[in-house]
Amino acid sequence: GQSLEQPSEVTAVEGAIVQINCTYQTSGFYGLSWYQQHDGGAPTFLSYNGLDGLEETGRFSSFLSRSDSYGYLLLQELQMKDSASYFCAVYSSASKIIFGSGTRLSIRP
Amino acid sequence: DAGITQSPRHKVTETGTPVTLRCHQTENHRYMYWYRQDPGHGLRLIHYSYGVKDTDKGEVSDGYSVSRSKTEDFLLTLESATSSQTSVYFCAISESRDRESYEQFFGPGTRLTVL
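Residues numbered from 1 in each chain as written. Chains lettered and ligands numbered in written order. Predicted model: local features only at pLDDT ≥ 70, side-chain atom pairs only at ≥ 80, totals over all residues. Heavy atoms only, no water.

A. Representation of the interface of chain B and chain A in the model. Every contact between the two is made by 19 residues of chain B and, on the other side, 17 residues of chain A. Broken down residue by residue, the surface that chain B buries against chain A is led by Leu43(B), Tyr102(B) and Phe106(B), which jointly contribute 39%. Between chain B and chain A we count zero salt bridges in total. The tally of links from chain B across to chain A stands at four residue pairs in polar contact (both at pLDDT 80 or more). (Contact = heavy atoms within 4.5 Å. Buried area = accessible area lost by both parts, 1.4 Å probe. Salt bridge = Lys/Arg side-chain N within 4 Å of Asp/Glu carboxyl O. Polar contact = N/O pair within 3.5 Å; in protein donor to acceptor, adjacent residues only side chain to side chain.)

B. Broad picture of unusual backbone geometry. The omega torsion across Ser7(B) and Pro8(B) is -10 degrees, close enough to zero to call that bond cis. With respect to the helices, strands and loops of the structure, Pro8(B) is situated in the loop between strand S1 (4-7) and strand S2 (10-13). At Ser69(A), a position not held by glycine, the phi torsion is positive, near 50 degrees. Along the chain, Ser69(A) falls in the loop between strand S7 (60-65) and strand S8 (70-75). The exposure class of Ser69(A) is partly exposed, given its relative accessible area of 25%. The phi torsion at Glu77(A) lies on the positive side, around 45 degrees, for a residue other than glycine. Along the chain, the position of Glu77(A) falls in the loop between S8 and strand S9 (84-92). For Glu77(A), a relative accessible area of 54% puts it in the exposed group. (Helix = DSSP H or I, 4+ residues; strand = E, 2+ residues; numbered from the N terminus. Buried < 20%, exposed > 50% of the residue type's maximum accessible area, 1.4 Å probe, protein only.)

C. Structural detail: the side chain of Thr77(B). Residue and element names in this part refer to chain B. The topology assignment puts threonine 77 in strand S8 (residues 73-78). Residue threonine 77 is classed as buried on the basis of its relative accessible area of 16%. Polar side-chain contacts of threonine 77 include one of 3.2 Å to the side chain of threonine 20. When residues no more than four places from it in sequence are discounted, the contact partners of threonine 77 are Val19, Thr20, Gly63, Tyr64 and Ser65.

D. Spotlight on the environment of Leu78(B). All names here are of chain B. Relative to the helices and strands, leucine 78 is located in strand S8. Note on leucine 78: relative accessible area 0%, which makes it buried. Separated by 56 residues in the primary sequence, leucine 78 and arginine 22 place their C-alpha atoms 12 Å from one another. Those residues in contact with leucine 78 that sit more than four places away from it in its chain are Thr17, Pro18, Val19, Gly63, Tyr64, Gln85, Tyr89 and Leu112.

E. The nonpolar core, seen in detail. Core analysis: the largest hydrophobic core is formed by 23 residues, its most contacted members being Leu32(A), Trp34(A), Leu75(A), Tyr86(A) and Leu105(A). Going through the elements one at a time, strand S2 (9-13), strand S3 (18-25), strand S4 (29-37), S7, S8, S9 and strand S11 (103-108) of chain A are the ones with two or more residues in this core. Counting 19 residues, the second largest nonpolar core, distinct from the first, contains Ile46(B), Tyr64(B), Val66(B) and Val114(B). (Core = buried A, V, L, I, M, F, W, Y, C linked by side-chain atoms within 4.5 Å.)

F. The arrangement of the sheet that holds strand S7 (residues 64-70) of chain B in detail. Residues and elements named next belong to chain B. Strand order in this open sheet of four strands is S1-S3-S8-S7, and the pairing throughout is antiparallel. For this open sheet the edge positions go to S1 and S7, each flanked by a neighbour on one side alone. On average, each strand axis in the sheet is inclined to that of its neighbour by 20 degrees, with strand direction left out of account. In the sheet, S1 pairs with strand S3 (residues 19-25) via four bridges, with the strands oriented antiparallel. Its bridge partner being in S3, glutamine 6 is matched across the sheet by cysteine 23. (Pairing = 2+ DSSP bridges. Axes fitted to C-alpha atoms, helices over the stretch in contact; angles between N-to-C directions.)

Here it is in structure tokens:
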């Protein structure tokens, strides 16, 4: 079968660093993406990892280990506007694309 | 922002009635997708299209059909709506040069309530 697991909620402090993990099980894996969604809004693309390693885009970084079927999104210098839900999504030949259930990130001042 | 619109933005209908949702893009992107989003389930792919008249099923296609007669329009039809199809529906597009891009741009969503 195919599955994605990510924590349902994470809380962090403004200015800190937070990591959101995603583990997956699928066949014909292509890559892993991350999306951000604010309440009432549409998802917006953050990153894509097709190869092992770290991809950095400003305050956000994403990591993939294909051998461990694992990835994470790292958010640095957290700001209140980063409060949102974050979804990992796996692309594969088996299912085209599957999204995780989302991690709700709450940031405290 | 990618030019994607969805219509209607909100709809309330009754069980058993047909419903069509429209997604319109001005980006000339090859790939288009329909998702539904429900609490606790994230986004689930219903159908997608890889070109005019070329469509395929996603994870939760039962009870839904799609059509794409023009590059810019992708229609999602619920032939006979049921209460389990109450959801927020998102359309997305992705760019293609030699292959599909993994970056998808989402429309604003349609909130559908089936009574």
